[in-house]
Amino acid sequence: MTQVAENKVVLIHYTLTVDGQVVDSSDGGDPLPYLHGHDNIVPGLENALSGTETGKKVQVSVDPSEGYGQPSGTAPQGVPRDAFPEDAPVQPGMQFFVQDQGGNPAPIWIAKVEGETVFITQDHPLAGKTLEFDVEVVSIREATSEELQHGHPHGPDGTHSH
Ligand code: ZN
């Protein structure tokens, strides 16, 4: 039987619980596809799924060091609302990408919005949290060469849909 390993596209149903609250779940929707070995999901969950098979259920508690890291301790920075695309919804918890000093995309999150000022942070909203994952492996397939190039999965059959 195929096992979850490097360069496989894996579909999972998952529920993420933090501090006793469900913060994210695929329940009632489509399973989440990810490309194993390409930083699509947090390292702690990826490690726990490695070597599992279709139908396998995994419960894992992931420390911040294997999850979203520790908070940086720096206060969120205020930027004007019009620094964001006008049609982009701007809400706390949303993720955007900016260019870092090396010109690489770096994620930022919106910490809060006050009037026309948007406070951004480099800290993931779940930084410093222990992540409780409840996961079921739905299916496993080989990635296409295009998916490997992009570093993420495409549609159910590997065709490009975005
Ligand atoms: Zn792509």
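Before any of the text, the structure's been laid out above.
Source: prediction; values computed, not measured.

Check the secondary structure of the protein and you find two helices and nine strands. Its C-alpha atoms put the protein at 55 × 35 × 35 Å along the principal axes. Relative to its 162 residues, the protein shows a buried fraction of 33%. Here the contacts in the protein between residues at least 6 apart in sequence split such that 59% fall between residues at least 24 apart. For the protein, the accessible area works out to roughly 9700 Å², and carbon and sulfur atoms hold 46% of it. For the protein, the centre of its 7 positive side-chain charges and the centre of its 24 negative side-chain charges are spaced 5 Å apart.

Of note in the backbone geometry, Asp 19 takes a positive phi value of approximately 50° without being a glycine. With respect to the helices, strands and loops of the structure, Asp 19 is situated in the loop between strand S1 (8-18) and strand S2 (21-25). A positive phi angle is found at Asp 39, which is not glycine, with a value near 55°. Along the chain, Asp 39 turns up in the loop between strand S3 (32-35) and helix H1 (43-49).

Turning our eyes to something else, we now look at the packing of aromatic side chains. Throughout the structure, instances matching the rule amount to one aromatic pair. Between Phe 84 and Phe 96, the aromatic rings sit 4.9 Å apart at their centres with planes inclined by 65°, giving edge-to-face as the arrangement. In this pair, Phe 84 sits in the loop between strand S5 (77-80) and strand S6 (95-99) while Phe 96 sits in strand S6, placing the two residues twelve residues apart along the sequence. According to the relative accessible area criterion, Phe 84 is buried, its value standing at 10%. By relative accessible area, which is 16% here, Phe 96 ends up buried. Note that Lys 112 overlies the ring of Phe 119, its terminal NZ or CZ placed 4.8 Å from the centroid.

For soluble globular proteins, nonpolar side chains are generally found buried alongside one another. In terms of nonpolar packing, the biggest core is built from 20 residues, with Leu 45, Leu 49, Leu 131 and Phe 133 touching the most fellow members. At the level of secondary structure, the elements contributing two or more residues to this core comprise S1, H1, strand S4 (57-62) and strand S9 (131-142). Those residues within four positions of Leu 45 in sequence are excluded, and the remaining contacts are Val 60, Val 62, Phe 133 and Val 135. Of all hydrophobic cores here, the second largest spans nine residues; its members include Ala 88, Ile 110, Val 118 and Ile 120.

Criteria and cut-off values
- Residues numbered from 1 in each chain as written.
- Predicted model: local features only at pLDDT ≥ 70, side-chain atom pairs only at ≥ 80, totals over all residues.
- Heavy atoms only, no water.
- Helix = DSSP H or I, 4+ residues; strand = E, 2+ residues; numbered from the N terminus.
- Buried < 20%, exposed > 50% of the residue type's maximum accessible area, 1.4 Å probe, protein only.
- Contact = heavy atoms within 4.5 Å.
- Areas by Shrake-Rupley, 256 points an atom, 1.4 Å probe, with all protein chains shown as cover.
- Lys, Arg positive; Asp, Glu negative; His and termini not counted.
- Charge placed at Lys NZ, Arg CZ, Asp CG, Glu CD.
- Phe/Tyr/Trp six-rings, centres within 6.5 Å; stacked < 30°, edge-to-face > 60°.
- Lys NZ or Arg CZ within 6 Å of the ring centre and 35° of its normal.
- Core = buried A, V, L, I, M, F, W, Y, C linked by side-chain atoms within 4.5 Å.

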